[in-house]
Amino acid sequence: MRISRIKEEVLFYAITLATFGLLLVLSILFLTRESRHNREMLETETVRLAGDLIEALGQRPFLSPQELRPDVLGFGVYGPDGKAVNRFGSAPENGWTLVPETERLRGRINRIEFKEDRLVILRTLGFPFMDRDSMRGMMRGRMRGELPPPMEPFPPPGRLIYLELDIRDWKNQQRAIQYGFYLVPFLLVAIFLGTTLLYRKNLTYRRNEEKNRELVRLGEAARTLAHEIKNPLGVIRIQTGTLQKVLPAEYHKNLTVITEEVERLRLLVDRVGEFLKNPVGDPVPVAVAGIVEELIQRFPFPIVYSSALKENLWVKIDRHRFRTVLENLMKNAVESLTEAQVREAVGQQRTDESAAKDDLPVCVEVSADEKLVEIRVLDRGTGLPPEAGERIYDPFFTTKPNGSGIGLAVSKRFVEAAEGSLEVKPRTGGGTEARVVLPRFYSNAEE
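This section reports on the structure supplied with the text. (Residues numbered from 1 in each chain as written. Predicted model: local features only at pLDDT ≥ 70, side-chain atom pairs only at ≥ 80, totals over all residues. Heavy atoms only, no water.)

As for the overall build of the protein chain
When helices and strands are counted, the protein chain shows 9 helices and 12 strands. Evaluated residue by residue, the protein chain yields a buried proportion of 34% over its 447 residues. Taking the contacts inside the protein chain whose residues are at least 6 apart along the sequence as the reference set, 69% of them involve residues at least 24 apart. (Helix = DSSP H or I, 4+ residues; strand = E, 2+ residues; numbered from the N terminus. Buried < 20%, exposed > 50% of the residue type's maximum accessible area, 1.4 Å probe, protein only. Contact = heavy atoms within 4.5 Å.)

Now the structure itself:
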């Protein structure tokens, strides 16, 4: 089952990453193509406009500003000497100042330049004048003898047209596309994270549903077993008591073993019943110090209680369930100690002043802020095995030879029902730290 879940998650992430990766690549390619297409369209439109103006100049020598589009910032027609024949707006007085001499000597000029929010186009009209030697070199092998005198082209050779356009609207479109380069990947990543979060929530919901179904089945089986086991256990205890009265003393040791095992089974049945009962119970204001001090007195092992605050702290939780939680944690702490630690600690008296020492075998510390109360049960026992992990909260999972594996599961269930949290982790320097956090309740009422 676990392997199939891992395969499902790996498959989901692989497909999701591949899908969003493909969408990201396609989006970038589309935006790049769109940017290039817009630039090409602008250049084409500008060249077409220049062609229309050239055609209009072929029909009449001058153009008035009223005949030009509103986005035309400058327009000029220049003769072979570079002087303006027809100039308007930002067009310079001498057109050849815009063209290097080396470029003029090459012949036809067709230049498109982007300058901030402007687009400038420079084009020559007609054909440049070529001398006879140049024409003979181009036509060598095709014509023999003297070349005829050159014909005067129309329009006159060497004329230059200057056109300057306002492209702020086009720039805004380009900026929008540039923003898309950043926004689209961000949106895709956000959608991917949102999809992953929804999947994780759905997966958690499904696992909780599956766990709840298992708990329901376990509860039905446990209730049946508890009912069927309790009656025989009661009969065995009665018969054991009778045998202790009639049998000789040498058999009492064996009868004691039977009694202890019967009691262990009864305790296991009771704990299973606690796990299956309603975890909320009857929440009432409970004084933390009162429960802790009462439980400490029940242990033959010395447990130190230390509180950072002088005033009494209150939490709202079912009193019996809160008592069960703290009793389970203290019992786990004591049972984790070695025999040498127990022998050393039994019979010693600990005071609150000695509670600050870090080498105490078992210590209960209570602290609080304005909203939360924190109860820590600390020990210097054998600690948690590395392979335990989160499994320590699973029902019937235990690291102790004679443990039932119910105590922590019951405690966590009761604490979370009271809107708190329970965490058990390795303690720095060895041992275990059990940390219970519950909402603080403000009340002057006495229990």
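That shown, we press on.
Remarks on helix α6 (residues 288-298)
For α6, every residue scored as buried is listed here: Val288, Ala289, Ile291, Val292, Leu295 and Ile296. Axial view of α6: buried residues confined to an arc of 165°, hence all on one face. Of the exposed residues in α6, the ones pointing more than 90 degrees away from its buried face are Gln297 and Arg298. On its buried side, α6 packs onto β6 (283-287), β7 (304-307), β8 (314-318), α7 (319-335), β9 (362-368) and β10 (372-379). (Arc of directions from axis to C-beta.)

Examining helix α9 (residues 407-417)
For α9, the set of buried residues is Gly407, Leu408, Ala409, Val410, Ser411, Phe414 and Val415. Two residues or fewer after α9 comes Glu419, characterised by a positive phi angle close to 65°.

Some words on the packing of aromatic side chains
Any pair of aromatic rings gets described here by the distance separating the centres and the angle formed by the planes. Enumeration according to the criterion identifies 0 aromatic pairs in this entry. Over the face of the ring belonging to Phe414 we find Arg321, whose NZ or CZ atom lies 5.4 Å from the ring centre. (Phe/Tyr/Trp six-rings, centres within 6.5 Å; stacked < 30°, edge-to-face > 60°. Lys NZ or Arg CZ within 6 Å of the ring centre and 35° of its normal.)

Focus on a nonpolar patch on the surface
A cluster of nonpolar side chains, namely Leu22, Val25, Leu26 and Leu29, defines an oily patch on the protein surface of about 390 Å² accessible area. Assessed through its relative accessible area of 47%, Val25 is described here as partly exposed. (Patch = residues over 30% accessible without salt bridge, like charges linked within 9 Å, V, L, I, M, F, W, Y side chains within 5 Å. Areas by Shrake-Rupley, 256 points an atom, 1.4 Å probe, with all protein chains shown as cover. Salt bridge = Lys/Arg side-chain N within 4 Å of Asp/Glu carboxyl O.)

Points about the pairing of strand β2 (residues 84-89)
Strand direction decides the pairing type here: strand β1 (residues 72-78) and β2, joined by 5 bridges, are antiparallel. The residue of β2 that forms the bridge with Tyr78 is Ala84. Counting the residues in the hairpin turn of β1 and β2 gives 5 residues, including Gly82, whose phi is positive at 90°. (Pairing = 2+ DSSP bridges.)

Here's the deal with the nonpolar core
Counting 42 residues, the largest nonpolar core has Val288, Ile303, Phe322, Met330 and Ile375 as its most contacted members. Contributions of two or more residues to this core are made by α6, β8, α7, β9, β10, α9, β11 (421-426) and β12 (432-439). Of all the elements, α7 adds the most residues to this core, at 7 residues. If we ignore the near neighbours within four places in the chain, the residues touching Val288 are Asn312, Leu313, Val315, Phe322, Val366, Val373 and Ile375. (Core = buried A, V, L, I, M, F, W, Y, C linked by side-chain atoms within 4.5 Å.)

Describing unusual backbone geometry
One non-glycine residue, Glu419, adopts positive backbone phi at about 65°. On the secondary structure map, Glu419 appears in the loop between α9 and β11.

As for the sheet that holds β11
In spatial order, the strands read β7-β9-β10-β12-β11; together these 5 strands make up an open sheet with mixed pairing. Either end of the sheet is taken by a strand with one partner, and the two such strands are β7 and β11. Between one strand axis and the next, the sheet turns by 15° as a mean value, whatever way the strands run. In this sheet, β12 lies alongside β11 in antiparallel orientation, the contact comprising 6 bridges. Note that in β12 the partner of Leu422 across the bridge is Val436. α6 rests against β7, β9 and β10 of the sheet, and its axis sits at about 165° to β7. (Axes fitted to C-alpha atoms, helices over the stretch in contact; angles between N-to-C directions.)

Focus on the pattern of salt bridges
Tallied over the entire structure, the rule returns 13 salt bridges. For Asp318, the salt bridge is made with Arg321, and the minimal N-O distance between the two is 3.3 Å. Arg321 carries the same exposure label as Asp318, and that label is buried. Salt-bridge contacts for Glu374 lead to Arg435; the nearest nitrogen and oxygen are separated by 2.8 Å. With Glu374 in strand β10 and Arg435 in strand β12, this residue pair connects regions lying 61 residues apart in the sequence. For Arg435, a relative accessible area of 26% puts it in the partly exposed group. One network of salt bridges, with partners in common, ties together Glu365, Glu374, Arg376, Glu423, Glu433 and Arg435.

Some thoughts on the packing of α6 against α7
The interhelical angle for the contact between α6 and α7, taken along N-to-C directions, is 50°, at an axis separation of 10 Å. Of the possible angle classes, the one that applies to α6 and α7 is oblique. Every pair of crossing elements has a handedness; the one defined by α6 and α7 is right-handed. Seen from α6, the contacting residues are Val288, Ile291, Val292, Glu294, Leu295, Ile296 and Arg298; seen from α7, they are Arg319, Phe322, Arg323, Leu326, Glu327 and Met330. Within the contact of α6 with α7, the residues separate by chemical class into 8 nonpolar, no polar and 5 charged. (Parallel < 35°, antiparallel > 145°, perpendicular 65-115°, else oblique. Left-handed = near helix turned anticlockwise from the far one by under 90°. Nonpolar A, V, L, I, M, F, W, Y, C, P; charged D, E, K, R; others polar.)

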